[in-house]
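# Overview (structure and organization)
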Number of protein chains: 4
Amino acid sequence: MKNTFGTSVSVTLFGESHGPAIGAVLDGMAPGIKIDEEYIASQMAKRRSVSALSTARHESDKVEILSGVFSGRTTGTPICLMIKNADTHSSDYAELRTAARPGHADYSGYCKYHGFGDYRGGGHFSGRLTAPIVAAGAIALSALKSKGILVGTHIKKCAGICDRDYLNYENDIKSLAEMDFAVLDQNAAEAMRAGILAAKGDGDSVGGVLETAVIGFPAGVGEPWFDTLEGVLSHALFSIPAVKGVEFGDGFAFADMRGSGANDPFRIRDGKVSTETNRNGGINGGISNGMPILFRCVVKPTPSIYKTQHTVDFVEMTDRDLLIKGRHDPAVVHRARVVADSVTALVLCDMLSQRYGTDFLGSAESVVKNAE
Amino acid sequence: MKNTFGTSVSVTLFGESHGPAIGAVLDGMAPGIKIDEEYIASQMAKRRSVSALSTARHESDKVEILSGVFSGRTTGTPICLMIKNADTHSSDYAELRTAARPGHADYSGYCKYHGFGDYRGGGHFSGRLTAPIVAAGAIALSALKSKGILVGTHIKKCAGICDRDYLNYENDIKSLAEMDFAVLDQNAAEAMRAGILAAKGDGDSVGGVLETAVIGFPAGVGEPWFDTLEGVLSHALFSIPAVKGVEFGDGFAFADMRGSGANDPFRIRDGKVSTETNRNGGINGGISNGMPILFRCVVKPTPSIYKTQHTVDFVEMTDRDLLIKGRHDPAVVHRARVVADSVTALVLCDMLSQRYGTDFLGSAESVVKNAE
Amino acid sequence: MKNTFGTSVSVTLFGESHGPAIGAVLDGMAPGIKIDEEYIASQMAKRRSVSALSTARHESDKVEILSGVFSGRTTGTPICLMIKNADTHSSDYAELRTAARPGHADYSGYCKYHGFGDYRGGGHFSGRLTAPIVAAGAIALSALKSKGILVGTHIKKCAGICDRDYLNYENDIKSLAEMDFAVLDQNAAEAMRAGILAAKGDGDSVGGVLETAVIGFPAGVGEPWFDTLEGVLSHALFSIPAVKGVEFGDGFAFADMRGSGANDPFRIRDGKVSTETNRNGGINGGISNGMPILFRCVVKPTPSIYKTQHTVDFVEMTDRDLLIKGRHDPAVVHRARVVADSVTALVLCDMLSQRYGTDFLGSAESVVKNAE
Amino acid sequence: MKNTFGTSVSVTLFGESHGPAIGAVLDGMAPGIKIDEEYIASQMAKRRSVSALSTARHESDKVEILSGVFSGRTTGTPICLMIKNADTHSSDYAELRTAARPGHADYSGYCKYHGFGDYRGGGHFSGRLTAPIVAAGAIALSALKSKGILVGTHIKKCAGICDRDYLNYENDIKSLAEMDFAVLDQNAAEAMRAGILAAKGDGDSVGGVLETAVIGFPAGVGEPWFDTLEGVLSHALFSIPAVKGVEFGDGFAFADMRGSGANDPFRIRDGKVSTETNRNGGINGGISNGMPILFRCVVKPTPSIYKTQHTVDFVEMTDRDLLIKGRHDPAVVHRARVVADSVTALVLCDMLSQRYGTDFLGSAESVVKNAE
């Protein structure tokens, strides 16, 4: 399976930036999950994030639900979420059929698809394909929330500025859900915005780090080998465009620790097994331990910049220079955070459905019987 | 599929640390790949790495090939690799049935398996299960080598000491293949060894960072979404015990860069498309671009240490202290590097077989006809 | 994966009979396959088969290609095929929310989806979902044809009347491609039509047997265990609504044979390995042997009939009678044959792509380079 | 995945007829299932079925459990079941490296594996590989039985003789469990045995039909498309060597029925939804309806016979004759029935684990806590 991810709950992506429509088929969600179209729209808005920090492309991104939802609830059958494309300036891209934009997939994609791909706006590689992931993710996030599982992502670092750590997971996650620019410390937020605009002023771009927390997730989910919780999450997270690294708990900082400082001592707290610290990010041996799941993704700077760059014509096999036309984001990290929430929620719905069965996230009660 | 990884080439793990045997079934390898049992044994020896730096358990780790190999070559059918267990001191572990070793999977595993698991020596979670991965990986590494694809891993960092970067990939990878302690700079190697022994002297342990390079890998392999090269590799790499982070190319350092410094400019070199730098680690948009694939895994310090730690009895639900008996490695990073090579090779064999067909890694020539 | 089938080439179905749209995502088709929209439309017409023999629902069944096709060829990325629904009389179905139509999935579906499913017109279970299978199958059939592989299905038996066997596979398959009512012997065709109309006159329905032949398929495709050619084909073929049996070669007639009559003797013919008979339907040990692949599917009589039937209200848990309103086909076997062609083609594209790589069915030549 | 079947519960086969060992890895079985080694041995004995009707090869078929079982119960981790090979006469087979036995996979396997396969005794294609399926199936059958689900297979037809239909499923299934030659009507059994011996006397072989029934299986399991209960079962059943057709309920007899006779009317019986007849074999729309699941597999006559047959040397590409040496079964249908039970049980365990979660078939109670 190529553009499909998941086992019990799966998502299949389709579409190109400048084709008729993009979308996703979300399959395996339990029957009976309430669909809140306003919430979906609000998540789409967070991804779009129209502001001085983002691209000028005005995408309406209206999600049409073609299947799998009936009377406001999931039916248990595949949910097709379609978003029509509009506001495309295809002529901007003619040059890109044979010129590789540095940092993009033009050349590697050419080696794979032999030039048959839709080169306009990145085609199937476009970051725009994250829109249906966010739409599907909104349904997954709702389903998790109904089981007391909350997911939140903040910008831990951007333009050299760091956000504070989570202090109270529940409060912080709820705050983030209301924010357009997901930074817990508002001073840090201002500094990051300034950093992004400074890069924009230079015709350049910046990267950053996203940190995701999940609370309320049960212990005992994941596999010891291969389908470790870390492995499955990272597999999906690397689909977020520009993500080039994923670390759990203390991550790369473990390299400089000793075991006595890296282990999380267990204690009984409030009648439950708990750990005094959470350096392992809620996962031991690939399996959740009941503590908050915590991980970070690094997002590289947007590769499209307003500067002439060295590149090649990969058909003529000649060196050339390239100034990429069109609209570029000086940063995507603030838009990517809702994608991180979405991907995380989709993976966790899958793992929970595998673990506890296909009814777990929905309602196993007969809706017809209850209505009477 | 739980303990199975891969689509066209797959590996299925089985076994417990103190059961009769551990092993792997490697399926989907092309017919006609030469099996070099000495090479397999040499890879096993690298993993075992008996020295002052490692555990005193004397595992012979003789690999028995139960199937899938005939007249010294792969048949194309499943290869079962079995390693009998010996030298087990099961009585050391009785206490661990209900006491969670901090940093280990005892408690999370209990939540998953409800106490039915074999608790002796970590059972199925034991790092010993990496032995069959290394055996299977040796076959994968041989197959790749026959196609001009080389894989090598060095210890980039350990005990606070950094190794030098790759200078000449081919030479460096070949040097690493001969080393027991895979560090390119011998001064750094000495300092790392000293650091590990210092930790050992304190009854403690250290972590580190592994850096893997792959050369000769063709451009155009990987998928734009979900089965990105980064995603599939990381999925498998997180199965290496103690790995808590994976980053490609410049990885987390991207967070502090601008796009103008993060992009790899393309140039034609020697008649081939090439990049001037390789900050993206040979992967653009999830697909190989023909440059060396480069990534790093962080390995947390060995959780088993010679110190009394806080923990719980998860059956009695009481706090307690624990001093773990038995033999502990003060570091595993030097042993894990051959596991990283192996996992990488297995994933790449799978991706190549999917891309180019099931005969690609072997010989599509009739062996019988050629013999006459 | 629930509504997805295939490994290297996969198809994901979505939609309900009375929802906004139905469709399929066809992923993994090689880049560069020519898309012939007229051919797709002609296959859709064969499935619709509007005549006295079929339902009066006038479905336009216009296939919209939302993605994965560019400049008239496949791009290599997912192809979303959408068909909008129209001409739905939803009020006909209100009663069916709690009354199980005998022979249908109303009750079994209720046990699975707890009443959240869209009950109108069978919802996701509707035979209408075969429309996107046919659309996807048309692309698969084109791809196979470009490699010299032809697929054809005739009605071997219907209303007690048998069609003749294949005489010349290539000619017969080409003839079938032109027919609306796919019977090789026109006398048999007339008798079948009369039988179907007789059943219709009685308010009843008939079943039949479809026989599919594939020629030009290479030897050496399939797996010895589990993913046998028979196993994978049958897995998919049972998705054709009303199919309750699949047999290969002589199938159930083998039960009354002896080995000396059941084996196909090998002979060299025209410089190629061939068999004198083809009782095994082109498959030995789960793997193609180069002879025509031959199998039959039995299609049960359409369960919707114009007769009052015993049933239950599965919510009230009471016995009741039911006369199903609406439009019923007196037979579906003549419409199902194009679904059989389609499912077969999709499975074979998948198996060929796994065997020979993802470029096999398309063009691995650069389209851009060739254009210049 | 090639030699692996299943999603939540999976089985991976390995081995060759004349290699060191054959076996299977059974993964995903819930923790806490009791392992009854005597029952496993009794199932192995049914498959071996040493008598005048079967091959003279004396296989001891002792199953060694290498992993996944601890203190007499499944741990939840992979169960490796190994059977060492013995009593092999490899010299019998030298001729078969280039001569295709009619009805066997020698030639199709050569096209796939290019002659690298182990040709002795059929290698990986050998019916001997059903031994580990039976071992794994015994565990699956035990797990199902503990949930009140019983599986039984009888020889419905052999040598032209038919067995009676099931009268009382529970009693009949329990009787079959005790039989070596699984025929319900003992007169039919005698006639079948005579027919088999008559074929043996002619140096020939016979085929037959197996009929499997499953009772106690819950309603609501299976998928509407692709992973229909019929599709998944048939996928696996075609791995039973010599099976060339699978039909559910009335199967191919549906071709001659009308809808009014083919539908199963629903009625409430004993407070449960039930059907008056069971022509659909317990499955509607791909999903179980709570009635007994009923299907039949046709088993072709054993292809190895004591007669000279036409064939080819596929390396020399010349016609030749062949008299296959060694020991041949005049029938395998009586041995295959325990394989049918096993395959069925493995598939159903997988589907139940997907539907109800990974603990469903075992014990979700802590074994440690309960012991105290």
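Now for a quick tour of the structure. If you're wondering where the values come from, they're calculated on a predicted model, not measured in any experiment.

### Brief notes about the overall build of chain A
When its secondary structure is counted, chain A shows nine helices and 18 strands. What you see for chain A is a C-alpha radius of gyration of 21 Å, in line with the 21 Å of a compact globule of 372 residues. Based on the C-alpha atoms only, the size of chain A along its principal axes is roughly 65 × 55 × 40 Å. Expressed as a percentage of the 372 residues in chain A, the buried residues total 68%. For chain A, the proportion of contacts with a sequence separation of at least 24, taken over those separated by at least 6, is 74%.

### A short note on the interface of chain B and chain A
Each partner contributes to the interface: chain B provides 88 residues, whereas chain A provides 88 residues. Broken down by element, the side of chain B that touches chain A gets its largest block of residues, six residues, from helix 6 (residues 229-237) of chain B. Tallied by class, residues from the side of chain B that touches chain A come to 38 nonpolar, 33 polar and 17 charged. Relative to strand 11 (residues 243-248) of chain B, strand 11 (residues 243-248) of chain A runs antiparallel, the two being bridged by three bridges. In the sheet register, A:Gly245 faces strand 11 of chain B, and the bridge partner there is B:Glu247.

### Looking at the pairing of strand 12 (residues 266-269) of chain A
Looking along a regular strand, one sees side chains alternate from face to face of the sheet. Pairing of strand 12 of chain A with strand 13 (residues 272-275) of chain A, which is carried by four bridges, proceeds in the antiparallel orientation. Bridge assignment links A:Phe266 to a residue of strand 13 of chain A, and that residue is A:Thr275.

### Comments concerning the relation of the copies chain B and chain A
Take chain B, turn it by 180°, move it 0.0 Å along the axis, and it overlays chain A with an RMSD of 0.0 Å. Overall, the copies show the geometry of a two-fold rotation axis. Taken as a fraction of all interface residues of chain B, those also at the interface in chain A reach 100%, which identifies the copy contact as same-surface.

### A closer look at the sheet that holds strand 1 (residues 4-5) of chain C
Ordered in space as 1-2-3-7-4 (chain C), the five strands form an open sheet in which the pairing is antiparallel. Two strands lie at the open edges of the sheet, namely strand 1 and strand 4 (63-65) of chain C, each paired on one side alone.

### Notes on the relation of the copies chain D and chain C
Each copy superposes on the other: chain D lies on chain C with an RMSD of 0.0 Å after a rotation of 180° and an axial shift of 0.0 Å. Interface overlap between copies is the fraction of interface residues in one copy that are interface residues in the other; for chain D against chain C it reaches 100%, indicating a shared surface.

### Remarks on the nonpolar core
In terms of nonpolar packing, the biggest core is built from 488 residues, with A:Cys349, B:Cys349, C:Cys349 and D:Cys349 touching the most fellow members. Among residues more than four places away in sequence, those in contact with B:Cys349 are B:Val9, B:Met29, B:Ala140, B:Ala143, B:Leu144 and B:Leu361.

### Some remarks on unusual backbone geometry
In the Ramachandran plot, B:Ala159 falls in the positive-phi region, its phi being about 55° despite a non-glycine side chain. Along the chain, B:Ala159 turns up in the loop between strand 8 (150-158) and strand 9 (161-162). B:Ala159 gets classed as buried once you count the C-beta atoms within 10 Å, which come to 25. In this model, D:His114 sits at a positive phi of 60°, which is unusual for a non-glycine residue.

Conventions we followed
Residues numbered from 1 in each chain as written. Chains lettered and ligands numbered in written order. Predicted model: local features only at pLDDT ≥ 70, side-chain atom pairs only at ≥ 80, totals over all residues. Helix = DSSP H or I, 4+ residues; strand = E, 2+ residues; numbered from the N terminus. Rg over C-alpha atoms; globule rule 2.2 N^0.38 Å. Buried ≥ 20, exposed ≤ 12 C-beta atoms within 10 Å, placed from the backbone. Contact = placed C-beta atoms within 7 Å. Nonpolar A, V, L, I, M, F, W, Y, C, P; charged D, E, K, R; others polar. Pairing = 2+ DSSP bridges. Least-squares fit on C-alpha atoms with pLDDT ≥ 70 in both. Core = buried A, V, L, I, M, F, W, Y, C linked by C-beta atoms within 7 Å.

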